[in-house]
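Observations on the three-dimensional arrangement
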Amino acid sequence: MQYAVIGTGAIGGYYGARLAQSGQEVHFLLRSDYEYVLEHGLQVDSCNGSFHLDQPHVYNNTADMPPVDVILVCLKSINNHQLKEILPPLLSSSPLVILIQNGIGVEQDVQAMFPHVPLAAGLAFICSAKTQPGRINHQCYGQINLGNYSCRDEALILQVLNDFNAAGVKAGQVEYQEARWKKAVWNMPFNGMTVALNTRTDLLLKHPATRRLIREQMMEVIGAAQHLGVKNIDESFADLMIQMTDEMTPYSPSMKLDYDFHRRMEIHYLYERPIEIARDAGFPMPRLEMLMQELMFLEEQ
């Protein structure tokens, strides 16, 4: 199949490069390092084996890209307003659009922009960073789950999963709401807490007080999800996420990197939307609402 990657950063660069390495036709949209990758290629330094794409298909404008079967949108969600200009040149072939983005509510808002475009959520469980132009540093993990939001072609979803697995990326299909809220169980505590306390994931879990607070925040997310009718999520999932984080390489999540490099943080979809959705359903999230308010303060400084 033919793929387009919109946002060739830590996530899009890694997954797109894995697909390309396995023989899939992948077209990459780049901005700041377009000229560099055009000349030097794309390097992936990975715990699962490093590799280099010598001549990837790269573009700095979607109007120059060919029709594709699947679009992987890997932009930061704060840039989703740009999709109104970015996506239309690629939509003539009626591709599946997979939003590999953080947060709750992204599919609803993108569907409002493009009512007839089939959408799926991509939930990445990966420690990866773009360390310099044309270079991806994949530290650990790498699994991706797909949650079908509005795609009627189930065979297409399954083909994408097969392509990822064939590329050495563990991939599975999950129920959409379950997938989004399970990802939030990790994202909401760790992204914000590493910013607010200027630290890393491992250090948060080494101190008894912050370890307890992280778990309490996780339980707020799980409680909200259960209140909204999400299945297969309970206290044991919080313990699993903490165990997984104990075992991972010391890590600065994407929001911490954004803050450190003076970029806007994804506060809206990671905090405002899920907190609002839970509150409207009658389930307050006081610890995470306090964290959100701290992040808003830091964002404005």
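Residues numbered from 1 in each chain as written. Predicted model: local features only at pLDDT ≥ 70, side-chain atom pairs only at ≥ 80, totals over all residues. Heavy atoms only, no water.

1. Side note on helix H9 (residues 235-247)
For clarity, the threshold we go by: Numbering of helices and strands runs from the N terminus, with a helix taken as a DSSP run of H or I at least four residues long and a strand as a DSSP run of E at least two residues long. In this scheme, a helix's expected span is set at 1.5 Å multiplied by one less than its residue total. Throughout this description, buried means an accessible area under 20% of the type-specific maximum (1.4 Å probe, protein chains only), exposed means over 50%, and partly exposed covers the range between. Read the arc as the range of directions from the helix axis to the C-beta atoms. Throughout, a contact is declared for two residues whenever any of their heavy atoms are within 4.5 Å.
In a regular helix each residue adds 1.5 Å, so 13 residues correspond to 18 Å; H9 covers 19 Å between its end C-alpha atoms and thus fits that length. All buried positions along H9 are accounted for by Phe237, Ala238, Met241, Ile242, Met244 and Thr245. The arc that holds the buried residues of H9, viewed along the axis, is 160°, so those residues lie on one side. Taken together, the buried residues of H9 touch strand S9 (135-148), helix H6 (176-196), helix H7 (201-206) and helix H8 (208-227).

2. What to know about the pattern of salt bridges
Put simply, the rule reads: Put simply, a salt bridge is a Lys or Arg side-chain nitrogen that is within 4 Å of an Asp or Glu carboxyl oxygen.
Overall, the coordinates contain 16 salt bridges when judged by the stated rule. A salt bridge links Arg215 to Asp239; its shortest N-O distance comes to 3.0 Å. Of this pair, Arg215 sits in helix H8 while Asp239 sits in helix H9, and the two are 24 residues apart along the sequence. When its relative accessible area of 24% is taken as the criterion, Arg215 is described as partly exposed. Among the ionic pairs, Lys256 bridges to Asp260, the shortest N-O distance being 2.9 Å. Of this pair, Lys256 and Asp260 both sit in helix H10 (residues 254-260), four residues apart, which is roughly one turn of that helix. Salt bridges sharing common partners tie together Lys76, Asp258 and Arg263.

3. What about empty space enclosed by the protein?
A probe as big as a water molecule, rolled over the atoms, marks out the empty space that is left. Test applied: The way it works is a 1 Å grid over only the protein atoms, where trapped points that fit a 1.4 Å probe form a cavity and open points with protein on both sides within 12 Å along at least five of seven lines form a pocket, and then any residue with an atom within 4 Å of a point lines it. Grid points are joined across faces, edges and corners, and a volume is the space filled by probe spheres set on the points.
In this structure the tally under the stated criterion is one cavity of 30 Å³ or more. By volume, the largest cavity amounts to about 40 Å³. Looking at the largest cavity, the residues that line it are Gly103, Ile104, Arg180, Lys183, Ala184, Asn187, Met188, Tyr269, Leu270 and Pro274. Those elements that place two or more of their residues in the lining of the largest cavity are H6 and helix H11 (267-280).

4. Structural notes on the layout of surface pockets
What counts, and what does not: Residues are grouped as follows: Ala, Val, Leu, Ile, Met, Phe, Trp, Tyr, Cys and Pro are nonpolar; Asp, Glu, Lys and Arg are charged; every other residue, Gly included, is polar.
Taken as a whole, the largest pocket encloses approximately 1300 Å³ of empty space. Considering the residues around the largest pocket, the lining is formed by 48 residues, among which Gly9, Ala10, Ile11, Cys74 and Lys76 are closest to the centre. Only strand S8 (119-132), H6 and H10 provide two or more residues apiece to the lining of the largest pocket. Among the elements that make up the lining of the largest pocket, the one with the highest residue count is S8 (10 residues). Tallied by class, the residues present in the lining of the largest pocket amount to 23 nonpolar, 16 polar and nine charged. Counted as a void, the second largest pocket has a volume near 250 Å³. What lines the second largest pocket is Phe125, Tyr141, Gln143, Asn145, Val174, Glu178, Ala179, Lys182, Phe237, Leu240, Met241 and Met244. At the level of elements, S9, H6 and H9 are the ones that each hand at least two residues to the lining of the second largest pocket. When residues in the lining of the second largest pocket are grouped by element, the largest group, four residues, is from H9. Classifying every residue of the lining of the second largest pocket by side-chain character gives eight nonpolar, two polar and two charged.

5. Comments concerning the pairing of strand S7 (residues 96-99)
Stated formally: Any two strands with at least two DSSP-identified bridges between them are counted as paired.
Because side chains alternate across S7, one face comprises the buried residues Leu96 and Ile98, and the other comprises Val97 and Leu99, equally buried. Where strand S6 (residues 70-73) and S7 come together, four bridges link them in parallel fashion. Following the sheet pairing, Val73 is matched in S7 by Leu99.

6. Things to note about unusual backbone geometry
One non-glycine residue, Ser94, lies in positive phi territory at about 50°. Locating Ser94 in the fold gives a position in the loop between helix H3 (83-86) and S7. Look at Ser94 and you get exposed, because its relative accessible area is 58%. Positive phi outside glycine occurs at Asn198, with the angle close to 50°.

7. Observations regarding the packing of H8 against helix H12 (residues 286-300)
Note the cut-off: All axes are obtained by fitting lines to C-alpha atoms, using only the stretch in contact for helices, and the reported angles, taken between N-to-C directions, cover 0 to 180 degrees. In what follows, roughly perpendicular refers to angles from 65 to 115 degrees, roughly parallel to angles under 35, roughly antiparallel to angles over 145, and oblique to any angle outside these ranges.
The N-to-C vectors of H8 and H12 enclose an angle of 110°; their axes lie 8 Å apart at closest approach. Comparing the axis directions of H8 and H12 gives the class roughly perpendicular. Two secondary-structure elements touch here, H8 through Leu213, Glu216, Gln217, Glu220 and Val221 and H12 through Pro286, Arg287, Leu288 and Leu291. Its residues placed into classes, the contact of H8 with H12 shows five nonpolar, one polar and three charged.

8. Some points on H11
Here H11 spans 18 Å end to end across 14 residues, near enough to the 20 Å set by a 1.5 Å rise per residue. For H11, the set of buried residues is Ile267, Tyr269, Leu270, Tyr271, Arg273, Pro274, Ile275 and Ala278. Looking at the packing, one finds that the buried side of H11 touches helix H4 (106-113), H6, H8, H10 and H12.

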